[in-house]
Amino acid sequence: PAHVRREAHTMEEQAPPKKKSRLDALMAGTAPLRAVDEEKSDGGDLKPWHVRANDVLTFHLVDEPDQIEASEGGTSFPPSYTHQVFREDETIRGYEGLKIDVWLQATTMQAFVDVRHDRKMPAFGAITEQPDDVVALLKDKWPSGFARDPSEFKAKCATNGEVDLAAIGQVVPTAGEKAEVRHAKLSDEKVRELHARMEPLILFLIDGSSFIDLDDNRWELLLLVEKSGDKQKIAGYATLYRFYAHPNSARIRLSQVVIFPPFQGQGYGSTLIEATHAIAVSSQALDVTVEDPTVDLQRLRDVHDLKRLLTEPKYKEAAVAALNAAATNGGDLDSLKTPVSLLKRAQAEFKICHPQMKRCWDALLFLEAQQTPSLVPLLRRYLKHRLQAEFFSSERKKAEGKKVIETASGFLMFSGFKGTSVQMESGEANEAQQQEEALQQLLEESWSEFERLSSSLECQMTGQ
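Residues numbered from 1 in each chain as written. Predicted model: local features only at pLDDT ≥ 70, side-chain atom pairs only at ≥ 80, totals over all residues. Heavy atoms only, no water.

Looking at empty space enclosed by the protein
Phase 1: Taken as a whole, this structure holds two cavities of 30 Å³ or more when the rule is applied.
Phase 2: Around the largest cavity sit Leu254, Ile273, His277, Val288, Val290, Leu297 and Arg301, which together line it.
Phase 3: Going through the elements one at a time, helix H9 (268–282), strand S14 (287–290) and helix H10 (295–309) are the ones with two or more residues in the lining of the largest cavity.
Phase 4: Each residue belonging to the lining of the largest cavity can be placed in one class, and the counts come to five nonpolar, one polar and one charged.
Phase 5: Approximately 40 Å³ is the volume found for the second largest cavity.
Phase 6: For the second largest cavity, the full set of lining residues is Leu306, Ala363, Phe366, Leu367, Phe450, Leu453, Ser454 and Leu457.
Phase 7: Looking at the lining of the second largest cavity, the elements with two or more residues in it are helix H13 (354–369) and helix H15 (431–462). (1 Å grid on protein atoms, 1.4 Å probe; cavity = no way out; pocket = protein on both sides within 12 Å on 5 of 7 lines; lining within 4 Å. Points joined across faces, edges and corners; volume = space filled by probe spheres on them. Helix = DSSP H or I, 4+ residues; strand = E, 2+ residues; numbered from the N terminus. Nonpolar A, V, L, I, M, F, W, Y, C, P; charged D, E, K, R; others polar.)

Concerning the layout of surface pockets
Phase 1: Reported here for the second largest pocket is a volume of approximately 320 Å³.
Phase 2: Every residue lining the second largest pocket is counted, 18 residues in all, and those nearest its centre are Asp63, Glu64, Gln105, Thr107 and Gln232.
Phase 3: Looking at the lining of the second largest pocket, the elements with two or more residues in it are helix H6 (150–158) and strand S12 (231–245).
Phase 4: Here the element with the most residues in the lining of the second largest pocket is S12; it accounts for three residues.
Phase 5: Split into classes, the residues belonging to the lining of the second largest pocket amount to seven nonpolar, four polar and seven charged.

Topic: the sheet that holds strand S9 (residues 170–172)
Phase 1: Read from one edge of the open sheet, six strands run S9-S10-S11-S12-S13-S14, paired in mixed fashion. The strands lining the two open edges of the sheet, one partner per strand, are S9 and S14. This sheet shows a mean twist of 35 degrees between the axes of neighbouring strands, independent of strand direction.
Phase 2: Bridge count between S12 and strand S13 (residues 249–259): nine bridges; the pairing is antiparallel. Looking at the pairing, Arg242 lines up with Ile252 of S13.
Phase 3: Contacts from H9 reach S9, strand S10 (179–185), strand S11 (219–228), S12, S13 and S14, with the element oriented near 165 degrees to S13. (Pairing = 2+ DSSP bridges. Axes fitted to C-alpha atoms, helices over the stretch in contact; angles between N-to-C directions. Contact = heavy atoms within 4.5 Å.)

Side note on the pairing of S12
Phase 1: Relative to S12, S11 is paired through ten bridges, and the arrangement is antiparallel. Each residue of the ladder has a partner; that of Leu221, found in S12, is Thr239.
Phase 2: Two successive antiparallel strands, S11 and S12, enclose a turn made up of two residues, where Gly229 displays a positive phi of approximately 65 degrees.
Phase 3: Between S12 and S13, which follow one another and run antiparallel, lie three residues.

Describing the pattern of salt bridges
Pairs may arise between side chains of opposite charge once their charged atoms sit close together.
Phase 1: Within this structure, the stated rule accounts for 26 salt bridges.
Phase 2: With its nearest N and O atoms 3.0 Å apart, the salt bridge here joins Arg182 to Glu180. Like Glu180, Arg182 is buried.
Phase 3: Salt-bridge contacts for Glu349 lead to Lys314; the nearest nitrogen and oxygen are separated by 3.5 Å. Of the two residues, Glu349 sits in helix H12 (residues 340–350) while Lys314 sits in helix H11 (residues 313–328), which places them 35 residues apart along the sequence.
Phase 4: Of the residues examined, Glu349 reaches a relative accessible area of 34% and is grouped as partly exposed.
Phase 5: A single network of salt bridges, built from pairs that share partners, joins Lys99, Asp101, Asp114 and Arg116. (Salt bridge = Lys/Arg side-chain N within 4 Å of Asp/Glu carboxyl O. Buried < 20%, exposed > 50% of the residue type's maximum accessible area, 1.4 Å probe, protein only.)

Observations concerning the pairing of S13
Phase 1: Buried residues dominate S13, accounting for nine of its eleven residues.
Phase 2: Looking at chain direction, S13 and S14 are connected through four bridges and run parallel. Across the sheet, Ile252 pairs through a bridge with Val288, a residue of S14.
Phase 3: Crossover S13 to S14 through H9 is right-handed. (Right-handed = clockwise from strand over helix to strand, strands pointing away.)

Below, the structure is given as structure tokens:
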């Protein structure tokens, strides 16, 4: 429609530009494959003077700065990723016995970086032969800065970094009892400074993550604070972006979402998703979207949305009716498409955006088909048909993502999938055969996801 085309060219009506994923860079030829590195031997062994960054770097969350002197009392965790800070193959060059400790105070997120080593490689003339400057590499990704000695760390925690978590923003009502979520604008200077001290952690915890642009004052913060008696600790955070939705509403995009490792496995990710939807309802936003969700985040989102949909019988009843209609109409697959009325109802009632509701609809069909095994072949045929239209239709040529699937006949690359595959060899087998093999693989992957989702949903709804 014409008004949609006009919206796309109006700055205040646009969502923020999507961040380039690592796969996007690989497809464009602007990033090397991490699996290949000229400084590693064929067997994958490290060359002399190289150490694995993930093995030598440790983060410590401490209540008090004094805990660093005893090297105890805090909670420690390793990074999940280091390629965005150190070398692409996640190594550090030039040291033996290297040890990097990053100490973080749990309420201010002030940092102290301690770097030690047994031996340092002798420097040669060329810059490529120099030992990696660990502190400089960390500083480059830590714009808020960090202390380099314990006394400076204590001073920062006591004065400049003092943060009253209870004074940040407003509490968002959620079902969580151990933690609360505080909602604040990142245009607030104190909130912005706190976020700047937390943000570097995402580079070590989320693959392909990047910093947000704080020059745009539409960013908001959800701060997750765990409470234990009179003590409070920052357990994680999320960032939100509010952008225009035609004709007179707004959408909320959930962007950075991170739960610090010591607090994972306690349902806090779901708490942040719940808080996001609560804000969408209270502010009368059109719906909630999620920017490039990780697999784990998407699974949390799916369970959260399905639990809410199942509180209203009409969604389940619609799925049952669609399956019965398809079965009685000679396997008519059109009967299984997401009803437009449900797309609008879920958006209005639960702030679920249309693409996410279509995922949930497929999951509802799966849950109901499991109760009637004779309907399973029909559902599998529908899902295969939908996947073919989604990934292989000529109308998808301009899709945002690409995926490469290795089949028995070779490799097939197709558009429309935010995947993580990086194998880019060209296959020589017949394209139709490759497409069929890829479709079957996608179907099995989707079916496995539905089974996982069903199991997770059952555990949550039964309290196991």
